[in-house]
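Coordinate inspection notes
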Amino acid sequence: MIINDKKLPDLPPPTSTSGPIGWLRNNLFDTPLNSILTLVIGYLLVTNLVPLIQWAFIDADWIGDSRDACTSGGACWVFVSVRLNQFLYGFYPESEYWRINTLFVLLGLLLAGMIYEKTPKRGWIALFTLVVFPVIAYFMLHGGSFGLPVVETHKWGGLTLTLVLALVGIVASLPIGVMLALGRRSHMPIVRSFCTIFIEVWRGVPLITILFMASVMLPLFAPEEIDLDKLVRALIGITLFQSAYMAEVIRAGLQAIPKGQYEAADAMGLSYWKKMGLIILPQALKIVIPGIVNTFIALFKDTSLVLIIGLFDLLAIVQSALADPKWLGYSTEGYVFVAFVFWVFCFAMSRYSQYLERKLHTGHGARQ
Amino acid sequence: MPTDVNKGVAPSSKPKFWNDPDKRAMLFQVLMILAIVGFFYYVINNALTNLDNRGITTGFGFLSQAAGFDILLTLVPFDSSYSFGRTFIVGLLNTLLVSFLGIILATLLGFVMGVARLSHNWLVAKVAAVYIETFRNIPLLLQIFFWYVAVLQTLPSPRQSIELGAGSFLNIRGLYIPSPVFESGFSAVVIALVATIIGIVFLVRWNHKRQDATGKYFPVGWASLALLIVVPGLVFLLAGSPLSWDYPELRGFNFRGGTTIIPELIALLLALTIYTGTFIAETVRAGILAVSHGQTEAAHALGLSNSRTLRLVVIPQAMRVIIPPLTSQHLNLIKNSSLATAIGYPDLVSVFMGTTLNQTGQAIEIIFMTMAVYLTINLLVSLFMNWYNKRVALVER
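Residues numbered from 1 in each chain as written. Chains lettered and ligands numbered in written order. Predicted model: local features only at pLDDT ≥ 70, side-chain atom pairs only at ≥ 80, totals over all residues. Heavy atoms only, no water.

1. Digging into the overall build of chain B
- When you go through chain B residue by residue, the secondary structure sums to eleven helices and eight strands.
- Rg of the C-alpha trace for chain B: 30 Å, well past the compact-globule value of 21 Å for 397 residues, more than 25% over.
- By principal-axis analysis of the C-alpha atoms, chain B measures approximately 100 × 75 × 45 Å.
- A burial count over chain B gives 38% of its 397 residues as buried.
- Here chain B displays about 22,600 Å² of accessible surface, and carbon together with sulfur accounts for 67% of that area. (Helix = DSSP H or I, 4+ residues; strand = E, 2+ residues; numbered from the N terminus. Rg over C-alpha atoms; globule rule 2.2 N^0.38 Å. Buried < 20%, exposed > 50% of the residue type's maximum accessible area, 1.4 Å probe, protein only. Areas by Shrake-Rupley, 256 points an atom, 1.4 Å probe, with all protein chains shown as cover.)

Printed below as a string of structure tokens:
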């Protein structure tokens, strides 16, 4: 009789089910079909990605000041670096770049303060960003007071203009969207139908037609003596469009508030505006922050449409730089640069909104 | 309670009318109507004065005037002698053409990528995720420009065309593909096809009834596929193959014959498909994830095979979640097709709100007509969706 009273040494897990080989077998080669798929896609990736990386990084030219510097046959990033200032600031006078830079830094600080969860008084920072910052930004960008020279709006361009359009669109559409959402849920039939029609009309037509309308029809509708600036007209169009989408996002938030909250506020004898302002909207707006971020992403991408009515946002300014006879044939580099800038902004924002969604969903028995 | 709460208030005194919510609401609405009417009166008055000062005529008389310009792609006969009203039709048809093709392609791509992102194969899932996260976050207009300027405009000239096989060629002027020529007798094939489809509908119904009554199952999918191929195929052969192909050929500096797909259409379709495909993929993924795993397990426990679990249990429930957002993506695609104007594809916005507006200057009528078209499409689709949603909605006790 054999008695082994010593513990046997632990064996390592079998290599076929754990470790790198096990992972490969489980995730890439578990069935014949998957093995074939893996091989085909792997082959396609290698044959396409290697030349792409070769073109974009290894064979690329980064430093120089004219197209003569582009000799390696890869991407010519010199095109972007030479015109980077124009792409960022548009036709803004070079001596005034500090104004835009200051605003960028201020905005960055405010956003960081809002996103970082341990900042004290985040609500006040948000309110400051939505109300005071646009005013500061207007005086800084346009100038004309405080001893700053005036910079006409037709000199604004590039990434600056893209950000101006998107931020004004979101800031102006927020209060209008709140009013429309409240109106659509109102018990007054005329208010309700007006808001519903307003929302559905602007949501039902493409942004291009609204921009066309703003740029062609607004001057007809305004009295003769008022000469609306091109940028202002575009901003009116974008705000109308955006507030309709914003209203629907906020309405979703209003609907998500339990009925008891409304009834409790009524029972306390609060007036309509106190009920909304103190009880319902603070809760509803908090719920819809991810939705607001998502519409902001859509708006940020849509600002590129102002190119069609002749404003020089980031895409338009790169597009016009492509037509420069000194730099013909570098369209791919230009577009890749713009795509990269947009992608970084949008991807970061979408990740943030996903994070918020996950955070808000805790404790409701939702998935994950 | 010993004291009456209402003691201080005289019972006969009604609340002041401005404290009565109903009357207040009435007053507010009257004011609102006055404000809206006043606003429109002001705007219309301004517009009439401005139009008068600029010498622009009003009304829809321009629709019957001769257009005087040509359009790159027309689905109905058109040349510069046709009216402006005709340009509206041409533009509308071109918009519908690109929207229709785009919806089909984007839905296909979206479903493939949405399913691929849930694949157990790590590589497939990652490729789908990278595709979705990349193209979703790049503006559509930029993608359209990229395909048009950076890809299609750099293709070789017709003499150095890229041969794609099957008689198709790709060059800077577009894609040249053979076009079918229907000879007499082809109508028989079409009739056979229609008859087969009607037959299949009856077959499916019969199968349903029989399965409900006896529990016996007939592989109706394979049978109808076989019918769909065999019956029209036989008729086609019996009628003496009444179909030939018109191949594009290089004559001089350009191709003749076949069908030409202009590069503007290709660029627009590529961009719309790839961009909208990402959103549809996310919709599909969310829909499939919304079907709880217990459903699959229950179906397996009942002895359903994998494919029938998918077909009878998972997909019907997932579709209920997928369809509403899918429709809104389709609507987005239709609206986004208006970006065609940036590269000169002759859609409604480009032809009518662009060229026709420039020629006539009648901005108000033209912009309202264009907006009305998109609104109508939106409204019709929404109505259809509401009807469909009611039909498939979960019936709860």
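2. A few points about the overall build of chain A
- Helices and strands together make up the secondary structure of chain A, namely 15 helices and zero strands.
- For 368 residues, the compact-globule estimate of 2.2 N^0.38 gives 21 Å, and chain A exceeds it by more than 25% at 27 Å.
- Viewed in the frame of its principal axes, chain A has a C-alpha envelope of about 105 × 75 × 40 Å.
- Going through the 368 residues of chain A one by one, you find that 42% of them count as buried.
- Once local pairs closer than 6 in sequence are excluded, the contacts in chain A between residues at least 24 apart make up 64%.
- Distance between charge centres in chain A, computed from 27 positive and 24 negative side chains, equals 12 Å. (Contact = heavy atoms within 4.5 Å. Lys, Arg positive; Asp, Glu negative; His and termini not counted. Charge placed at Lys NZ, Arg CZ, Asp CG, Glu CD.)

3. Some remarks on a nonpolar patch on the surface
All names here are of chain B.
- Together, Leu193, Ile197, Val201, Trp222, Leu225, Leu227, Leu228, Ile229, Val230, Val231 and Leu234 make up an exposed nonpolar region whose accessible area comes to about 1,000 Å².
- For the nonpolar patch, the elements supplying multiple residues, two or more each, are helix 5 (186-214) and helix 6 (220-238).
- Considering each element in turn, the nonpolar patch owes the most residues, eight residues, to helix 6.
- Within the secondary structure layout, Leu227 lies in helix 6. (Patch = residues over 30% accessible without salt bridge, like charges linked within 9 Å, V, L, I, M, F, W, Y side chains within 5 Å. Salt bridge = Lys/Arg side-chain N within 4 Å of Asp/Glu carboxyl O.)

4. Quick look at the nonpolar core
Residues and elements named next belong to chain A.
- Of all hydrophobic cores here, the largest spans 175 residues; its most connected members are Phe87, Leu254 and Leu314.
- Counting residues per element, this core draws most heavily on helix 7 (residues 158-184), at 13 residues.
- If we ignore the near neighbours within four places in the chain, the residues touching Phe87 are Phe79, Val80, Gly158, Leu159, Leu314, Ile317, Val318, Ala321 and Phe337. (Core = buried A, V, L, I, M, F, W, Y, C linked by side-chain atoms within 4.5 Å.)

5. Considerations on the pattern of salt bridges
- Taken as a whole, this structure holds 13 salt bridges over all chains when the rule is applied.
- Of the charged contacts, one joins Lys7 of chain A and Asp10 of chain A as a salt bridge, the two residues approaching to 3.3 Å between their closest N and O atoms. Both residues of the pair, Lys7 of chain A and Asp10 of chain A, belong to the exposed class.
- Each of Arg351 of chain A together with Arg117, Glu133, Arg136, Glu282 and Arg285 of chain B takes part in a single network of salt bridges with overlapping partners.

6. A closer look at the side chain of Lys335 of chain B
- Mapped onto the fold, Lys335 of chain B is located in helix 9 (residues 306-336).
- Lys335 of chain B has contacts with Arg203, Gly204, Val205, Pro206 and Tyr245 of chain A together with Tyr374 and Asn378 of chain B, leaving out every residue within four places of it along the chain.

7. Digging into the interface of chain A and chain B
- Contacts between chain A and chain B engage 57 residues on the former and 53 residues on the latter.
- Among the residues of chain A in contact with chain B, Leu220, Phe221 and Lys301 of chain A are the three that bury the most area, contributing 14% of the side total.
- Run the count over chain A and chain B and you get one salt bridge.
- Its salt-bridge partner being Arg351 of chain A, residue Glu133 of chain B comes within 3.6 Å of it at the nearest N-O pair. (Buried area = accessible area lost by both parts, 1.4 Å probe.)

8. Focus: the sheet that holds strand 1 (residues 162-165) of chain B
Residue and element names in this part refer to chain B.
- Taken in spatial order, the four strands make up an open sheet running 1-2-3-8, and their pairing is antiparallel. Each of the sheet's edge strands pairs with one partner strand only, and the pair in question is strand 1 and strand 8 (259-261). Going from strand to strand, the sheet's axes swing by 20° on average, the running direction of each strand aside.
- Bridge analysis of strand 1 against strand 2 (residues 168-171) gives three bridges, and the strand direction is antiparallel. Of the residues in strand 2, the one forming a bridge with Gly165 is Ser168. (Pairing = 2+ DSSP bridges. Axes fitted to C-alpha atoms, helices over the stretch in contact; angles between N-to-C directions.)

9. Points about the packing of helix 5 of chain B against helix 6 of chain B
Residues and elements named next belong to chain B.
- Contact geometry of helix 5 with helix 6 gives a least axis separation of 9 Å together with a crossing angle of 160°. Judged on the interaxial angle alone, helix 6 and helix 5 are roughly antiparallel. The crossing of helix 5 and helix 6 is right-handed. Contact with helix 5, carried on its side by Phe186, Ala188, Val189, Ala192, Leu193, Thr196, Ile197, Ile200, Leu203, Val204 and Asn207, involves Val220, Ala223, Ser224, Leu227, Leu228, Val231, Pro232, Val235 and Phe236 of helix 6 and no other residues of that element.
- Grouping the amino acids of the contact of helix 5 with helix 6 by side-chain chemistry returns 17 nonpolar, three polar and no charged. (Parallel < 35°, antiparallel > 145°, perpendicular 65-115°, else oblique. Left-handed = near helix turned anticlockwise from the far one by under 90°. Nonpolar A, V, L, I, M, F, W, Y, C, P; charged D, E, K, R; others polar.)

10. Quick notes on the domain arrangement of chain B
- Split into domains, chain B comes out as domain 1 (21-55) and domain 2 (84-128 + 268-392).
- Each of domain 1 of chain B and domain 2 of chain B has a C-alpha centre, and the two are 38 Å apart. (Domains from an automatic or database assignment.)

11. What to know about the environment of Ser350 of chain B
Residues and elements named next belong to chain B.
- Examined against the element boundaries, Ser350 turns out to sit in helix 10 (residues 348-360).
- Looking at Ser350, the relative accessible area reads 13%, which means it is buried.
- Between the C-alpha atoms of Ser350 and Pro232, which are 118 residues apart in sequence, the distance is 41 Å.
- If sequence neighbours within four positions are ignored, Ser350 has contacts with Thr341, Tyr345 and Thr355.

12. A word on the packing of helix 8 (residues 189-204) of chain A against helix 1 (residues 21-54) of chain B
- The contact between helix 8 of chain A and helix 1 of chain B brings their axes to 8 Å, and the two run at 40°. As summarised for this structure, helix 8 of chain A and helix 1 of chain B are arranged oblique, according to the angle between their axes. Residues Pro189, Ile190, Val191 and Phe194 of chain A of helix 8 of chain A form the contact with helix 1 of chain B, whose participating residues are Phe28, Gln29, Met32, Ile33 and Ile36 of chain B.
- Counted by class, the contact of helix 8 of chain A with helix 1 of chain B contains eight nonpolar, one polar and no charged residues.

13. Brief notes about the domain arrangement of chain A
Residue and element names in this part refer to chain A.
- Segmenting chain A into domains produces domain 1 (79-86 + 157-360) and domain 2 (94-150).
- Between the C-alpha centres of domain 1 and domain 2 there is a distance of 19 Å.
- Regarding the contact of domain 1 and domain 2, the summed buried area is about 830 Å², with carbon and sulfur atoms giving 71% of it.
- Contact with domain 2 buries area across many residues of domain 1, yet Thr160, Val171 and Tyr352 alone supply 44% of it, more than any other trio.
- Taken together, domain 1 and domain 2 are joined by zero salt bridges.
- Connecting domain 1 to domain 2 are zero residue pairs in polar contact (both at pLDDT 80 or more).
- Every element with two or more residues in the side of domain 1 that touches domain 2 is listed here: helix 7 and helix 15 (331-360).
- Ranked by residues supplied to the side of domain 1 that touches domain 2, first place goes to helix 7 with six residues. (Polar contact = N/O pair within 3.5 Å; in protein donor to acceptor, adjacent residues only side chain to side chain.)

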